[in-house]
Amino acid sequence: MYNDKVMKVFKELKNVGNLKGANGIGRVGNAACGDIMKIYLKINEDGIIEDAKFKTFGCVAAIASTSIATEMIKGKSISEALELKNSDFIQELGGLPPQKIHCSIMAEEAIKAAVEDYYKRIEKQQKNYIDEE
Ligand code: FES
């Protein structure tokens, strides 16, 4: 069902687990199959994603897509990371079976959710700072 590249990525997963010091965490679910994905980002003051990790409860396509996605966003700016689409992850994986395309969308959504979480935290910090003044 899956090509060799997908299986290789799946067997040699990168960036699995929690990320200590993460300042952006995105959690998304696929309503159709009940699978869940969490992405942790560590974004520095210049808006560069220094590190990324993930935990995925899902199929091979979802897990391999997230592994590739975390590899691709490391070292990128937030805006560059947000430009990446699930089609970019699929291309990097050398393709996914048509019925598995939707699984890769979770990776794109989880990155967006993690960035959103990051901005919310910044906003909260700024608000606290203003309140303290
Ligand atoms: Fe649920 Fe692939 S079948 S993410």
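Residues numbered from 1 in each chain as written. Predicted model: local features only at pLDDT ≥ 70, side-chain atom pairs only at ≥ 80, totals over all residues. Heavy atoms only, no water.

Trainee: Any chance you could explain the side chain of Ser-104 here in plain terms?
Mentor: Residue position: Ser-104 is located in helix α5 (residues 101-132). A relative accessible area of 0% means that Ser-104 is categorised as buried. Of the polar contacts made by the side chain of Ser-104, one reaches the side chain of Asn-86; its length is 3.0 Å. Excluding residues within four positions of it along the chain, Ser-104 makes contact with Ser-65, Asn-86, Phe-89, Ile-90 and Leu-96. (Helix = DSSP H or I, 4+ residues; strand = E, 2+ residues; numbered from the N terminus. Buried < 20%, exposed > 50% of the residue type's maximum accessible area, 1.4 Å probe, protein only. Polar contact = N/O pair within 3.5 Å; in protein donor to acceptor, adjacent residues only side chain to side chain. Contact = heavy atoms within 4.5 Å.)

Trainee: Even after reading the chapter, I still don't get the sheet that holds strand β3 (residues 49-57), so can you show me in this structure?
Mentor: Where strands meet in a sheet, backbone hydrogen bonds hold them as pairs that are either parallel or antiparallel. Taking strand neighbours across the sheet as the criterion, the 3 strands line up as β1-β2-β3 in an open arrangement whose pairing is antiparallel. The sheet terminates laterally at β1 (24-30) and β3, the two strands that pair on one side only. Looking at each pair of strands side by side, their axes are set apart by 15° on average, direction ignored. Two elements, strand β2 (residues 35-43) and β3, share 8 bridges in a ladder whose sense is antiparallel. What sits directly across from Ile-39, in β3, is Phe-54. Set on the sheet, helix α2 (residues 60-73) makes contact with β2 and β3; between it and β3 the angle comes to about 175°. Contacting β1 and β2, α5 runs over the sheet at an angle of about 145° to β1. (Pairing = 2+ DSSP bridges. Axes fitted to C-alpha atoms, helices over the stretch in contact; angles between N-to-C directions.)

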